[in-house]
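# Secondary and tertiary structure notes
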Amino acid sequence: MSRALPRYQDIQEAAERLRGVVHRTPVLTSQTLNGRLDAEVFFKCENLQKVGAFKFRGAYNAIAKLSPEERAAGVVTFSSGNHGQAIARAAQALGVTATIVMPLDAPKAKRNAAASYGARIIPYDRQTEDREQVARQLIEQEGLTLIPPFDHADVIAGQGTAVMELLEEVGGLDALFVPLGGGGLLAGSLLAAHAVAPECLVYGVEPSAGNDGQQSFNKGEVVRIPPPRSIADGALTQALGEITFPIIKRYAHDILTVSDEKLIHAMQFFAERMKLVVEPTGCLGAAAVLNETVPVRGMRIGVILSGGNVDLASYAACLSHGQQ
Ligand SMILES: *Cc1c(COP(=O)(O)O)cnc(C)c1O
């Protein structure tokens, strides 16, 4: 796997590769919110991206950069969440075979979605098998290329194109709030913001229960935590990556956290006020702004709404939570 750190030029090249392939997602605002916060808040709606999350950008960029031999052999990943779906969809668009290593007990909706994009699903038993070992075996036997969810230069470069589009569209920002899991989205966002709007303060936002990124940022080295529990299921990583961390350490202004309760309030705000379906993880950056976790008054603020994939039953429970 390439350890080279991506640069802004890689994001520019990714944007060329992604032109006409990814949606240029809308940037939406709420007058009510701007009035309440006395700020100008711009939401970059990656919940409306193909496959429902920004992950399609990085997945497509990484697969498009493979050599003809690597493409012919196919790609593999062991994420059944947004990254897995994005790999399946991007591989299909590029005529490459995708293999997704998924737990036997993965929700049927996820299996079906990946299969509908033509992916091959290899089930494994969570109790007795290690998914990385299952993937490694496929890599050795079939020559597949592993595309990891965040710690990969081409994935990071692809993710950075969302903030590049946002800054092209709205111009300079005082601060930018980005959901943080393993740090692919944040690292790409930092590289784009540093190049185009160097004065913009960029915050990563994590679930309070899984604040490994905050601990790592404060300590200056990667801190690994036990598996966290939060409704932000796209940000339950235990540690930042070898490529994402140095970029975050160098360019991030700070790492903030928000509680699950605040994520639920943010989901309700988006449904009620903006008619947007945003998944819990997708609300991380927004929740920090809605709660003024750091001062935002008088500022021009960018927020990445990173995804909109929800299970309808749990989404309904979130929307009705505390509504009596
Ligand atoms: C994966 C994901 C994240 C976190 O992205 P990282 O690159 O792992 O930090 C945030 N939001 C959504 C919706 C995701 O799918």
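These notes cover the structure that comes with them.

The rules behind the values
Residues numbered from 1 in each chain as written. Predicted model: local features only at pLDDT ≥ 70, side-chain atom pairs only at ≥ 80, totals over all residues. Heavy atoms only, no water. Near = heavy atom within 4 Å. Polar contact = N/O pair within 3.5 Å; in protein donor to acceptor, adjacent residues only side chain to side chain. Areas by Shrake-Rupley, 256 points an atom, 1.4 Å probe, with all protein chains shown as cover. Nonpolar A, V, L, I, M, F, W, Y, C, P; charged D, E, K, R; others polar. Helix = DSSP H or I, 4+ residues; strand = E, 2+ residues; numbered from the N terminus. Contact = heavy atoms within 4.5 Å. Salt bridge = Lys/Arg side-chain N within 4 Å of Asp/Glu carboxyl O. Buried < 20%, exposed > 50% of the residue type's maximum accessible area, 1.4 Å probe, protein only. Pairing = 2+ DSSP bridges. Axes fitted to C-alpha atoms, helices over the stretch in contact; angles between N-to-C directions. Right-handed = clockwise from strand over helix to strand, strands pointing away.

## Section: the site of the ligand
Around the ligand, the surrounding shell holds 16 residues, and the nearest of these are Lys 55, Asn 82, Gly 181, Gly 183 and Ser 306. In the environment of the ligand, an oxygen atom lies 2.7 Å from a nitrogen or oxygen atom belonging to the side chain of Lys 55. Contact with the protein chains hides 97% of the accessible area of the ligand, taken as 380 Å² for the molecule alone. Looking at side-chain class alone, the shell around the ligand contains 5 nonpolar, 9 polar and 2 charged residues.

## Description of the side chain of Gln 85
By the secondary structure assignment, Gln 85 is in helix H5 (residues 82-93). Not counting residues within four places of it along the chain, the set of residues in contact with Gln 85 comprises Val 51, Ser 80, Lys 110, Ala 113, Ala 114 and Tyr 117.

## Remarks on the pattern of salt bridges
Pairs can form between side chains of opposite charge whenever their charged atoms are close. Counting across every chain of the model gives 12 salt bridges. The partner of Arg 19 in a salt bridge is Glu 16, and the shortest N-O contact between them spans 2.6 Å. Exposure remark for Arg 19: the relative accessible area of 57% places this residue in the exposed category. You can call Glu 16 partly exposed: its relative accessible area is 49%. Its salt-bridge partner being Glu 40, residue Arg 300 comes within 3.5 Å of it at the nearest N-O pair. Note that Arg 300 is positioned in strand S10 (residues 300-305) and Glu 40 in strand S2 (residues 40-45), a separation of 260 residues in sequence. On the accessibility criterion, Arg 300 (25% relative accessible area) is partly exposed. Residues participating in the shared-partner salt-bridge network are Lys 44, Glu 46, Arg 57 and Glu 165.

## Re the sheet that holds S10
Overall, mixed pairing links the 6 strands, which are arranged S1-S2-S10-S7-S8-S9 in an open sheet. Bordering the open sheet on either side are strand S1 (27-28) and strand S9 (254-258), each of which pairs with just one other strand. Judged from the 6 bridges that link them, S2 and S10 form a sheet pairing that is parallel. Among the inter-strand pairings, Phe 42 is bridged to a residue of S10, identified as Gly 302. Docked against the sheet, helix H12 (residues 260-274) engages S1, S2, S9 and S10, running at close to 85° with respect to S9.

## Description of the environment of Leu 166
Relative to the elements of secondary structure, Leu 166 occurs in helix H8 (residues 153-170). Judged by its relative accessible area of 0%, Leu 166 is buried. C-alpha of Leu 166 to C-alpha of Ala 288: the two residues are 122 residues apart in sequence and 19 Å apart in space. Beyond its immediate chain neighbours, meaning those up to four positions away, Leu 166 contacts Val 27, Phe 42, Lys 44, Gly 171, Leu 173, Leu 176, Gly 302 and Ile 304.

## Remarks on the pairing of strand S7 (residues 175-179)
Walk down a regular strand and you will see the side chains alternate between the two sheet faces. For S7, a buried count of 5 out of 5 residues is recorded, marking the element as mostly surrounded by other parts of the structure. Of the two faces of S7, the one carrying Ala 175, Phe 177 and Pro 179 and the one carrying Leu 176 and Val 178 are both buried. Pairing analysis gives 5 bridges linking S7 to strand S8 (residues 201-207), with the strands arranged parallel. Within S8, the position partnered with Ala 175 by the bridge is Leu 201. In terms of handedness, the path from S7 via helix H9 (residues 184-196) over to S8 forms a crossover that is right-handed. Judged from the 3 bridges that link them, S7 and S10 form a sheet pairing that is parallel. If you follow Leu 176 over to S10, its bridge partner there is Gly 302.

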